[in-house]
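Take a look at the letters that make up each chain.
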Amino acid sequence: MKDFIAPPQTELRPPSDVMRLSRMGAMFPTRLSFLRAITRDLAAHGTPPETTRWDMCDQGYGRAVFTLTFHGHTYSLVAISKPLDDDKRSDRVIATAWDAAFVLFDGIPNDDDLARIETQAPLQEAGRFSEKDLVLSRANKSVRLWAHVVEALQNGQQPDADFINKIGYLMRTTAVYGNGKFGIADRTIFSDRPGLSMSFAAEMLTVWLIRHFTHALVEHVGGGKLDPTLKRHLGIGNATGLGMAPFLVSHPVLLNNWMMVRETALARVRAIEAVTPAQADHLQSLKTRAAGHLDQWNVPAEEHQQRIEALRKSWTEFDLGDLAAPRPLDALWQRAQSQSAEFQELLLSLMLEPFGDLIDGLTECLTDPFGHPFANSGTTADLVTRLETDFAWATSPDYDAADNCAQFWYVSEEKLEPRLGQRHEEPGADRESPLDIARRIKALAADLPGAPEPIAAFLTRHPEHMMAVERLQIAASHPYSEIQDNLIAHDCRPIDMLRAKLSLFGATKFDPKSTLWTRITLAQGAPLAEDLNNPDAQDWWCPVL
Amino acid sequence: MPGPVTHSINEIEALATKAARGSGAHAAQAAAFGKATAKHLAAKRPEQDLHAALAALPEGPIQTYAFAPDSTTALGQSYTDDTPLPQRVTPSPALLTDLADRAHNTYVPSTEESRTGGAGAGLTDND
């Protein structure tokens, strides 16, 4: 067995830089994002989806099943499409009806399975599911684009490319549930299977298959085939709100692992001593393509549109420099440090893109197989040291000051929708969710004894500090485990947390609607089923139509 | 669906965690109780231990077993048990009702303001 010799790398960016909301909120997808990784894996170890059931009326209502194999296992997307009145269509978690409901089924569903899913899936959170149901999701049509594409196909024409580019998807998922919710399978049931061990692999596979379904459905209703170039540019939209943000706080080991993969990839690429002329050309052409992608990224929210325009300008003006010089990527990276965070993060994505051979293997670390059991050993002296060296960001603020505790996270009784409240203006803070990590850490610091005390004894006296102690223990071996910002401050923007997680998924075309939620596109430009045999189809960073 | 309603491990852990927090457990202790509940059910230990521990909050074993479990008790064993979990567990309706009622204390009643101020829907965070 060959020894694995890790490639050289520069120092990693410090967590004090990387784990700030302002930078996390500037992240872009990379070739190590989950959707990129899974489409590569599908091409290498999967079969294209086959339509194993198509029970749809002419208007596109009924049910469909698409089946594929992936690393030798069989999976099926079951899609249930029902008529929906326009005034019932809502992207909110509190909606109760949708255009389509989906289950990713473990195997090929028989008639009984299908009948069960047909009843339960449209109920979504109100339904019950089994361990054969791996993922549960639902989606709503982009009504205008849907109608346009159907009409064009019915007239024997192709839809308008500009309109396709403007919207970017035929349907928008408004939730993709995994890991045991509502009785579906725990991810541990399949997470030791090749292909599905990566975080959110099952969910990403589901999204890719839902996209496939939307293409098939619109072609069915329109009675014609879409041009593959246009079809490829139709991803799946998503409306993402606060529900996603707490995950980053409640999964510190996973967050660390995801960020560590990204930072390690950057460090490896920066350490490259020389690039070939072909690689240099590739970088230049990717930079140009990214400029085209930025040109096609327009959003209604003015502040965000201005950020995009500023980025377009600085991107165009920035020169990649002499790529024939030694360590050209590190030189380019250093020069970019005077640019905005968003520029730097886009540059990071560019720098990673040509070097799959060097970094793609890191995707194996995009998971947490071990967890982090609480260590009931050591003394409070360890905690004191850790607080001093790594947690000034948490212990500095005064959390009694109104601005520093202005917001609180909570779960609404209504459909269990996560919300962010204003502590000084509305009730509910007595039921606050425990996401105020920084404040808890400072509270721990205030109660630590002068002389070292065993952890168990300290917690017996102060059981309320156990969570903060756990976080400090995790941080000792997981440098990127904490978002180093005050999540209850008046200026905490959940959108920054959403963008971080969504870029790790592989989302593009961020379209923030407020500081609380955003629309995005997933799998725009991704390989189609028919593309799985074509290696060029994996080159879908910064898609341009 | 025919037969008893089985549950995933994750959803029982999440529900029991909220039940504990909704009854006054500290956050980390509530999470540890969530994990122990799944193990307790998987090992078919008495559900009464779970009811009693929740009823004792904000005092009692839930606040301490997370860092100092008493392995002479059945509940304590569930905290330290490292037997692999089954795919499903089947809590009784009575336990589910107790857990749901207690978990309800972690939800904030909705008002028109909070609904209109709330955000759009999204990909879930896997509790």
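Scroll up for the structure.
Rules used in this analysis
- The numbers attached to residues start from 1 for each chain and follow its sequence in the written order.
- Here the convention is simple: chains get letters from A, ligands get numbers from 1, in the order in which they are written.
- Totals for whole chains, interfaces and linings use every residue, but because this is a predicted model, local features are given only for residues with pLDDT of at least 70 and side-chain atom pairs only at 80 or more, for both listing and counting.
- The basis for every side-chain value is the complete set of heavy atoms in the structure, and neither hydrogens nor water enter the calculation.
- By the criteria applied, helices consist of DSSP H or I runs no shorter than four residues and strands consist of E runs no shorter than two, each listed in order from the N terminus.
- Residue contacts are counted whenever heavy atoms from the two residues lie within 4.5 Å of one another.
- Relative accessibility decides the category of a residue: with a 1.4 Å probe and only protein chains considered, values under 20% of the type maximum give buried, values over 50% give exposed, and everything between is partly exposed.
- When DSSP finds at least two bridges between two strands, those strands are taken to pair.
- Here the buried area means the combined drop in accessible surface, using a 1.4 Å probe, for two parts upon being joined, counting both sides.
- In the sections that follow, a salt bridge refers to a side-chain nitrogen of Lys or Arg positioned within 4 Å of a carboxyl oxygen of Asp or Glu.
- Each cavity reported here is a set of points on a 1 Å grid over the protein atoms alone in which a 1.4 Å probe fits but cannot get out, each pocket an open set with protein on both sides within 12 Å along at least five of seven lines, and each lining residue one with an atom within 4 Å of a point.
- Grid points are joined across faces, edges and corners, and a volume is the space filled by probe spheres set on the points.
- The residue classification treats Ala, Val, Leu, Ile, Met, Phe, Trp, Tyr, Cys and Pro as nonpolar and Asp, Glu, Lys and Arg as charged. All others, Gly included, are polar.
- Within this analysis, the arc is defined by the directions that extend from the helix axis to the C-beta atoms.

Peer 1: Explain the side chain of A:His304 here, please?
Peer 2: Take A:His304: it is sitting in helix α12 (residues 302–317). Those residues in contact with A:His304 that lie beyond four places of it in its chain are A:Trp297, A:Val299, A:Arg499, A:Phe510 and A:Pro512.

Peer 1: Hey, could you run me through the pairing of strand β5 (residues 133–141) of chain A in this one?
Peer 2: A regular strand places its side chains so that they alternate between the two faces of the sheet. Residue and element names in this part refer to chain A. Judged by how many residues are buried, β5 sits mostly within the fold: nine of nine residues are covered. Relative to β5, strand β4 (residues 100–106) runs antiparallel, the two sharing six bridges. Bridge pairing in β5 places Leu104 opposite Val135.

Peer 1: Looking at this structure, I do not really get the interface of chain A and chain B. What am I missing?
Peer 2: By convention, interface size is frequently given as the accessible area that disappears when the constituent parts associate. Tallying the contact residues gives 65 residues for chain A and 40 residues for chain B. Summing both sides of the interface, chain A and chain B together bury roughly 4300 Å²; the carbon and sulfur share of this comes to 55%. For chain A, the biggest contributors to the area lost against chain B are A:Arg128, A:Glu413 and A:Arg431; these three give 16% of the whole. Taken together, chain A and chain B are joined by two salt bridges. Residue A:Glu131 pairs with B:Arg88 through a salt bridge whose shortest N-O separation is 3.4 Å.

Peer 1: Would you mind going over the layout of surface pockets with me for this structure?
Peer 2: Rolled over the atoms, a probe as big as a water molecule pinpoints where empty space is left. All names here are of chain A. Here the second largest pocket is characterised by a volume of approximately 500 Å³. As for the second largest pocket, its lining consists of 22 residues, of which Lys166, Ile167, Tyr169, Asn298 and Asp511 are closest to the centre. Of all the elements in the fold, those that place two or more residues in the lining of the second largest pocket are α5 (143–154), α6 (161–167), β6 (169–177), β10 (508–512) and β11 (518–522). Of the residues contributing to the lining of the second largest pocket, the split by class is seven nonpolar, seven polar and eight charged.

Peer 1: It is not clear to me how the sheet that holds strand β9 (residues 418–422) of chain A should be interpreted in this structure. Could you clarify?
Peer 2: Whether parallel or antiparallel, the strands of a sheet pair through hydrogen bonds between backbone atoms. In space, the three strands of this open sheet follow the order β9(A)-β8(A)-β3(B), with mixed pairing throughout. Looking at the sheet topology across the chains shown, the edges are occupied by β9 of chain A together with β3 (107–108) of chain B. Here strand β8 (residues 407–412) of chain A pairs with β3(B) via two bridges, running parallel. Bridge pairing in β3(B) places A:Val411 opposite B:Tyr107.

Peer 1: I tried to follow the pairing of strand β3 (residues 73–81) of chain A on my own but got confused; where do I start?
Peer 2: All names here are of chain A. Counting buried positions over the nine residues of β3 gives seven, a clear majority of the element. Of the strand pairs in this sheet, β3 and β4 are connected by seven bridges, and their pairing is antiparallel. Across the sheet, the residue bridging to Ser81 is Ala100, located in β4.

Peer 1: In this structure, what is going on with helix α6 (residues 93–103) of chain B? I would like to understand it.
Peer 2: Working note: α-helix, 3.6 residues per turn, so residues spaced by three or four point in the same direction. Residues and elements named next belong to chain B. When we look at burial in α6, the residues that qualify are Leu95, Asp98, Leu99, Arg102 and Ala103. Looking straight down α6, one finds that the buried residues subtend no more than 130 degrees of arc, so they occupy a single side. The exposed set on the far side of α6, more than 90 degrees from its buried face, consists of Pro93 and Ala94. Looking at the packing, one finds that the buried side of α6 touches α1 (9–22), α2 (27–42), α3 (47–56) and β3.

Peer 1: Honestly, the pattern of salt bridges in this entry has me stumped. Any pointers?
Peer 2: Two side chains bearing opposite charge may form a pair once their charged atoms approach each other closely. Residue and element names in this part refer to chain A. Taken as a whole and judged by the stated rule, the model has 48 salt bridges over all chains. The residue Arg63 makes a salt bridge to Asp55 at a minimum N-O spacing of 3.1 Å. For Asp55, a relative accessible area of 35% translates into the label partly exposed. Taking the shortest distance from any N to any O, the salt bridge between Asp133 and Arg116 comes out at 2.7 Å. Within this pair, whereas Asp133 is found in strand β5, its partner Arg116 is found in helix α4 (residues 111–120), the two being separated by 17 residues in sequence. A relative accessible area of 0% means that Asp133 is categorised as buried. A relative accessible area of 17% places Arg116 in the buried class.

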